[in-house]
Amino acid sequence: QVQLVESGGGLVQAGGSLRLSCAASGRTFSMYRMGWFRQAPGKEREFVGRIIWSGGSTYYADSVKGRFTISRDNAKNTVYLQMNSLKPEDTAVYYCAASTSLAAAYGYWGQGTQVTVSS
């Protein structure tokens, strides 16, 4: 089992920045990739980006490319989502998730953290 805990959400003005953290515990050695997702009220959950745990390669949704950056600290078992140039449409609950292989679905999820961007 892998436990994930997000933190760092809050209220920010448009154009501002926030950094979310996702701390992993448990069988962290089994993690292959970590993803960030978000869900706005009344909308479906949306993929934001992901990072491969060992190699560090990243991939982003077009909606955040160039504004958001995912990084990780293997020693702390923590993944970060640096969000810059925030827009009101980035308002959502942000979740981190983990999968144990390329073929596996994201089977472990955090509780989510609210990000609100005011205009």
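Here goes a summary of the coordinates provided. (Residues numbered from 1 in each chain as written. Predicted model: local features only at pLDDT ≥ 70, side-chain atom pairs only at ≥ 80, totals over all residues. Heavy atoms only, no water.)

### Brief notes about the state of the cysteines
Two cysteines joined by a covalent bond between their sulfur atoms form a disulfide. The test is simple: In plain terms, two cysteine sulfur atoms within 2.5 Å form what is called a disulfide here. Only runs of H or I of at least four residues qualify as helices and only runs of E of at least two qualify as strands under DSSP, and these elements are numbered from the N terminus. Each residue gets one of three labels from its accessible area relative to the maximum for its type: buried under 20%, exposed over 50%, partly exposed in between, using a 1.4 Å probe on protein chains only.
In total, this model carries one disulfide according to the counting rule given. In this model, cysteine 22 is linked to cysteine 96 through a disulfide, with the two sulfur atoms separated by 2.0 Å. Sign of the S-S torsion, about 60 degrees for the bond between cysteine 22 and cysteine 96, identifies this disulfide as right-handed. Placement of cysteine 22 in strand S3 (residues 18–26) and of cysteine 96 in strand S9 (residues 92–99) is noted, with a sequence separation of 74 residues between them. Just as cysteine 22 is buried, cysteine 96 falls in that class too.

### Notes on the side chain of threonine 78
Operational definition: Any N or O atom pair separated by 3.5 Å or less is treated as a polar contact, with the protein-specific requirement of one donor-capable and one acceptor-capable atom, and with residues adjacent in sequence counted only for side-chain atom pairs. We call two residues contacting when some pair of their heavy atoms lies within 4.5 Å.
With respect to the helices, strands and loops of the structure, threonine 78 is situated in strand S8 (residues 78–83). Residue classification places threonine 78 among the buried positions, given a relative accessible area of 8%. Polar side-chain contacts of threonine 78 include one of 2.9 Å to the backbone oxygen of lysine 76. In contact with threonine 78, other than residues within four places in its own chain, are Ser21, Cys22, Ala23, Trp53, Ser71, Arg72 and Asp73.

### Overview of the environment of valine 64
Looking at the element boundaries, valine 64 is found in the loop between strand S6 (58–60) and strand S7 (68–73). Take valine 64: its relative accessible area is 0%, and that puts it in the buried class. Setting aside residues no more than four positions away along its own chain, valine 64 makes contact with Arg38 and Val48.

### Observations regarding the side chain of threonine 113
By the element assignment, threonine 113 lies in strand S11 (residues 113–118). Looking at threonine 113, its side chain comes within polar contact range of the main-chain nitrogen of glycine 9, at 3.2 Å. Filtering out sequence-adjacent residues up to four positions away, threonine 113 remains in contact with Glu6, Ser7, Gly8, Gly9, Leu20, Ala92, Val93 and Tyr94.

### Regarding the nonpolar core
Short version of the rule: Take the buried Ala, Val, Leu, Ile, Met, Phe, Trp, Tyr and Cys residues and link them wherever side-chain atoms come within 4.5 Å; each set so joined is a nonpolar core.
Counting 29 residues, the largest nonpolar core has Leu4, Met34, Trp36, Phe68, Leu81, Met83 and Tyr94 as the members making the most contacts within it. Counting residues per element, the ones that place at least two in this core are strand S1 (2–7), S3, strand S4 (33–39), strand S5 (46–52), S7, S8, S9 and S11. Excluding residues within four positions of it along the chain, methionine 34 makes contact with Leu4, Cys22, Gly49, Arg50, Ile51, Trp53, Val79, Ala97, Ala98 and Tyr106.

### Describing the pairing of S11
What counts here: DSSP bridges decide pairing: two strands pair if at least two such bridges lie between them.
A one-sided burial pattern is seen for S11, the buried positions being Thr113, Val115 and Val117 and the unburied ones Gln114, Thr116 and Ser118. Where strand S2 (residues 10–13) lies against S11, four bridges are found, and the strand directions are parallel. Looking at the pairing, glutamine 13 lines up with serine 118 of S11. The pairing of S9 with S11 spans three bridges and is antiparallel.

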